[in-house]
Amino acid sequence: MSAEIASETDDVARARELLRDLRTSIDNFDASIIYLLAERFRATERVGLLKAEHKLPAADPTREREQIARLRDLAKDAKFNPDFAEKFLNFIVKEVIRHHEAAASAQANPELANPGPVQRSND
Ligand SMILES: C=C(O[C@@H]1C=C(C(=O)O)C=C[C@H]1O)C(=O)O
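Model, not experiment: these values are computed from the prediction. Sequence positions are assigned chain by chain, starting from 1 and proceeding in written order. With pLDDT at 70 or above as the cut-off, local features in this predicted model cover only qualifying residues; side-chain atom pairs require 80 or more to be listed or tallied, and sums for whole chains, interfaces and linings still use all residues. Remark: hydrogens and water are excluded; side-chain values derive from all non-hydrogen atoms of the structure.

All right, on to unusual backbone geometry then. For K55, which is not glycine, the phi torsion reads 55 degrees and is therefore positive. Positionally, K55 belongs in the loop between helix 1 (3-53) and helix 2 (61-77). Think of it in three bands: residues with accessible area under 20% of the maximum for their type are buried, residues over 50% are exposed, and the middle band is partly exposed, with areas taken using a 1.4 Å probe on protein chains only. Its relative accessible area of 69% is what places K55 among the exposed residues. In this text, helices come from DSSP runs of H or I with a minimum length of four residues, and strands from runs of E with a minimum of two, each type numbered from the N-terminal end.

In this scheme Phe, Tyr and Trp rings, the latter by its six-membered ring, pair at centre separations within 6.5 Å, and the angle between planes marks the pair as stacked below 30 degrees, edge-to-face above 60, and tilted otherwise. Scanning the model with the defined rule gives two aromatic pairs in all. Where F80 meets F84, the ring centres are 5.7 Å apart and the plane angle is 90 degrees; that geometry is what we call edge-to-face. Since its relative accessible area comes to 43%, F84 is described here as partly exposed. Aromatic pair F84 and F88: ring centres 6.2 Å apart, planes at 15 degrees, arrangement stacked. In this pair, F84 and F88 both sit in helix 3 (residues 82-108), four residues apart, roughly one turn of the helix. These aromatic residues form a ring-pair network of at least three members: F80, F84 and F88.

The subject of this paragraph is the UniProt feature "domain: Chorismate mutase" (unreviewed entry) in the protein chain. UniProt marks residues 13-104 with the feature "domain: Chorismate mutase" (unreviewed entry), using the numbering shown here. The distance separating the terminal C-alpha atoms of residues 13-104 is 57 Å; by composition the span is 88% helix and 0% strand. UniProt positions are given in the numbering used here, feature names are shortened, and annotations may be inferred rather than shown by experiment.

A surface patch of nonpolar side chains, about 290 Å² in accessible area, is lined by L18, L22 and I26. Looking at where L22 falls in the secondary structure, it is placed in helix 1. A relative accessible area of 47% means that L22 is categorised as partly exposed. Within this analysis, patches are made of residues with over 30% relative accessible area and no salt bridge. Like charges are joined at 9 Å or less; nonpolar side chains (Val, Leu, Ile, Met, Phe, Trp, Tyr) at 5 Å or less. Only the protein chains shown count as cover for residues, and all accessible areas are computed by the Shrake-Rupley method using a 1.4 Å probe. In the sections that follow, a salt bridge refers to a side-chain nitrogen of Lys or Arg positioned within 4 Å of a carboxyl oxygen of Asp or Glu.

In structure tokens, the structure reads:
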């Protein structure tokens, strides 16, 4: 093996090692994101129940505007793309509002949310 080919092989081996380390880090970040989202959704589920009980609207556009402004500022501080931060928040909030609407309709129509045991025709 020529010295040139040997050093190319070393470079690729180093690149593969770096790739493996970076992917381990990415996997840890992804796991953190999932745990954080799970906690966030647990909190928003409680907000959804509270709103349903008190017949408050599922969505709160004023609060959302404040959150977007805050997250855009945080993203800029973190040298992160503020448009992406906004899109990401909107994506999550849309799903939260869908859950809140489902909680409101379950509150308004409990018989539809929990239909009870299925009746068999020969019961
Ligand atoms: C969670 C709430 O409900 C909705 C969802 C939001 C969110 O996921 O952050 C924010 C505002 C509301 O549109 C809330 O009102 O705080």
